[in-house]
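# Coordinates in review
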Amino acid sequence: MNHRNLGNTTITMNQVGLGCMGLSEFYGPPTDINVAVKLLHEAIDLGVDHFDTAESYGVGSANETLLGLAFHDRRDKVRIATKFGPLRDPVSGERVGLDGSRANCRRAVEDSLGRLQTDHIDLYYLHRADPNTPIEETVAAMAELVKEGKIGAIGLSEVSGATLKRASAIHPIAALQSEYSIFSRDIEADVIPACVETGTSLVAYSPLGRGMLTGAFKTTSQIADNDFRGVMQPRFSGDAYRANLALVDRIIALAQARNVTSAEVALAWVIARQENVLLIPGTTKLTNLKSNLAAMTLTLDDKELTILDQLADMVQGTRYNEQGMAMLNG
Ligand code: ATR
């Protein structure tokens, strides 16, 4: 397994981890708890050690509770990354705010530790920058948690390069998590150079374009009502959806020529494009997990990379709806 250091820390993680969000919410109904725990254990057996969750994943933070159930008796085999900031009603799941204050940071970490059934979180992120709390205040509060041993390293998610640099002046930021894929390359202009400058690892979420880049979606595919891609992702609706799937056909053709899956091509592209990147594709299925791990052995040649490099500019639709876009690049 290819290991990477997290920022300038001594914490190592395998290059391809597992994004756990979809096990609890957003991409259709939650996976049955026993099935999900089994998958998480199988992931460890396959060498996965980086598991990504958040306080806001699943109604009542069900995703963290799931990871606690799966990992409490094998804590030494996993690195747990979780996040705080967005607030949700614990019963209805309704989004009720965003709070990066010290008080909320301290409340959230204790709640997460409890649900995760552990005494430390390996990587703790601010999930989205809070416009009402200076990043310096948030990071100073997170730095206290590092000192106290409650968290191993600090991460930020979907912040601008300027915010990353301000934050790094307070405490080293080990990881910056953002959407990054063949279809979503906006962070290359400002954020990735800031990561290089500050020695921060890039953690790429939705490297499969929320499943679109795998070829699993067809123009005839129906997006279920309980699947947030239909509502929150303009790329999955109307004319944009059809246009984007035509671009995916090019990835599928390239994958077929190499006798690999489109998912492997999508992940191998991220690996080829960014040195020291960590990826957290999400899946609820063992077969797909194995395919995603296989991407680490796939090397794309220059001709293939050139073909894939052209696609982002042709993608139609933003990566979130208006409300989601407003929370990016904070
Ligand atoms: P996110 O980071 O938001 O989870 P992603 O990793 O880009 O997004 O994509 C996740 C989606 O890709 C999920 O719908 C997942 O579906 P399954 O749970 O059915 O696997 C899908 N996916 C992940 N790996 C896949 C693979 N190797 N082949 C096909 N679909 C895959």
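Summarised in this report is the structure supplied together with it. (Residues numbered from 1 in each chain as written. Predicted model: local features only at pLDDT ≥ 70, side-chain atom pairs only at ≥ 80, totals over all residues. Heavy atoms only, no water.)

Glancing now at the overall build of the protein chain. Of regular secondary structure, the protein chain possesses 12 helices and 12 strands. Whereas a compact globule of 330 residues would reach a radius of gyration of roughly 20 Å, the protein chain reaches 19 Å, a difference of no more than 12%. Considered along the principal axes of its C-alpha atoms, the protein chain spans approximately 50 × 45 × 40 Å. Split into buried and exposed, the 330 residues of the protein chain put 56% on the buried side. Side chains of the protein chain carry 31 positive and 40 negative charges; the gap between the two charge centres is 3 Å. (Helix = DSSP H or I, 4+ residues; strand = E, 2+ residues; numbered from the N terminus. Rg over C-alpha atoms; globule rule 2.2 N^0.38 Å. Buried < 20%, exposed > 50% of the residue type's maximum accessible area, 1.4 Å probe, protein only. Lys, Arg positive; Asp, Glu negative; His and termini not counted. Charge placed at Lys NZ, Arg CZ, Asp CG, Glu CD.)

Per the counting criterion, the structure on display carries 25 salt bridges. Of the charged contacts, one joins Glu 42 and Lys 38 as a salt bridge, the two residues approaching to 3.2 Å between their closest N and O atoms. On the criterion of helical spacing, the pair formed by Glu 42 and Lys 38 is a turn pair, its members being four residues apart in helix 1 (residues 33–45). For Glu 42, a relative accessible area of 21% corresponds to the partly exposed category. On the accessibility criterion, Lys 38 (52% relative accessible area) is exposed. With a shortest N-O distance of 2.8 Å, Arg 115 and Glu 64 are connected by a salt bridge. With Arg 115 in helix 3 (residues 102–116) and Glu 64 in helix 2 (residues 62–71), this pair connects stretches of sequence that are 51 residues apart. Taken individually, Arg 115 and Glu 64 each receive the classification buried, so the pair is uniform in this respect. Where salt bridges share partners, they join Glu 55, Glu 64, Arg 107, Asp 111 and Arg 115 into one cluster. (Salt bridge = Lys/Arg side-chain N within 4 Å of Asp/Glu carboxyl O.)

Now for the packing of helix 2 against helix 3. The geometry of helix 2 relative to helix 3 is characterised by a closest axis approach of 7 Å and an angle of 45 degrees between their N-to-C directions. Between helix 2 and helix 3, the angle is such that the two are oblique. Counting all contacts with helix 2, which are made through Glu 64, Thr 65, Leu 67 and Gly 68, the residues of helix 3 involved are Ser 112, Arg 115 and Leu 116. (Axes fitted to C-alpha atoms, helices over the stretch in contact; angles between N-to-C directions. Parallel < 35°, antiparallel > 145°, perpendicular 65-115°, else oblique. Contact = heavy atoms within 4.5 Å.)

Turning our eyes to something else, we now look at the nonpolar core. Core analysis: the largest hydrophobic core is formed by 85 residues, its most contacted members being Leu 40, Phe 51, Tyr 124 and Phe 183. With eight residues, helix 8 (residues 238–258) is the largest single contributor of residues to this core. (Core = buried A, V, L, I, M, F, W, Y, C linked by side-chain atoms within 4.5 Å.)

Quick look at helix 2 now. With seven of 10 residues buried, helix 2 is to be regarded as a mostly interior element. Turning to helix 2, its buried residues are Asn 63, Glu 64, Leu 66, Leu 67, Gly 68, Ala 70 and Phe 71. Buried positions along helix 2 lie against helix 1, strand 4 (50–52), strand 5 (79–84) and helix 3.

Taken together, 20 residues lie around the ligand, and Tyr 27, Thr 283, Thr 284, Lys 285 and Asn 288 are the ones closest in. Gly 209 places a polar main-chain atom, nitrogen or oxygen, 3.2 Å from an oxygen atom of the ligand. With respect to the ligand, the side chain of Asn 292 contributes an N or O atom lying 2.9 Å from a nitrogen atom. Against a free-state accessible area of 640 Å², the protein chains account for coverage of 87% of the ligand. It is helix 10 (residues 286–294) that provides the largest number of residues to the shell around the ligand, a total of three residues. (Near = heavy atom within 4 Å. Polar contact = N/O pair within 3.5 Å; in protein donor to acceptor, adjacent residues only side chain to side chain. Areas by Shrake-Rupley, 256 points an atom, 1.4 Å probe, with all protein chains shown as cover.)

Position of Arg 319 relative to the elements: it lies in the loop between helix 11 (302–309) and helix 12 (322–325). For Arg 319, a relative accessible area of 4% translates into the label buried. Placed 140 residues apart in sequence, Arg 319 and Glu 179 show a C-alpha to C-alpha distance of 8.8 Å. Excluding its chain neighbours within four sequence positions, the residues that come into contact with Arg 319 are Glu 158, Ser 178, Glu 179, Ser 184, Asp 186, Tyr 205, Arg 210, Met 232, Gln 233, Arg 235, Met 325 and Leu 328.

Let us now look at the packing of aromatic side chains. Taken as a whole, this structure holds seven aromatic pairs when the rule is applied. With centroids separated by 5.5 Å and ring planes inclined at 40 degrees, the aromatic side chains of Tyr 180 and Trp 269 adopt a geometry described as tilted. Within this pair, whereas Tyr 180 is found in the loop between strand 10 (175–179) and helix 6 (191–198), its partner Trp 269 is found in helix 9 (residues 262–273), the two being separated by 89 residues in sequence. On the basis of relative accessibility, which here comes to 0%, the residue Tyr 180 falls in the buried class. Given a relative accessible area of 0%, Trp 269 falls into the buried group. An aromatic cluster of three or more residues is present, and its members are Phe 26, Tyr 27 and Phe 228. Its guanidinium or amino end placed over the ring of Tyr 320, Arg 210 lies 4.8 Å from that ring's centre, counting from NZ or CZ. (Phe/Tyr/Trp six-rings, centres within 6.5 Å; stacked < 30°, edge-to-face > 60°. Lys NZ or Arg CZ within 6 Å of the ring centre and 35° of its normal.)

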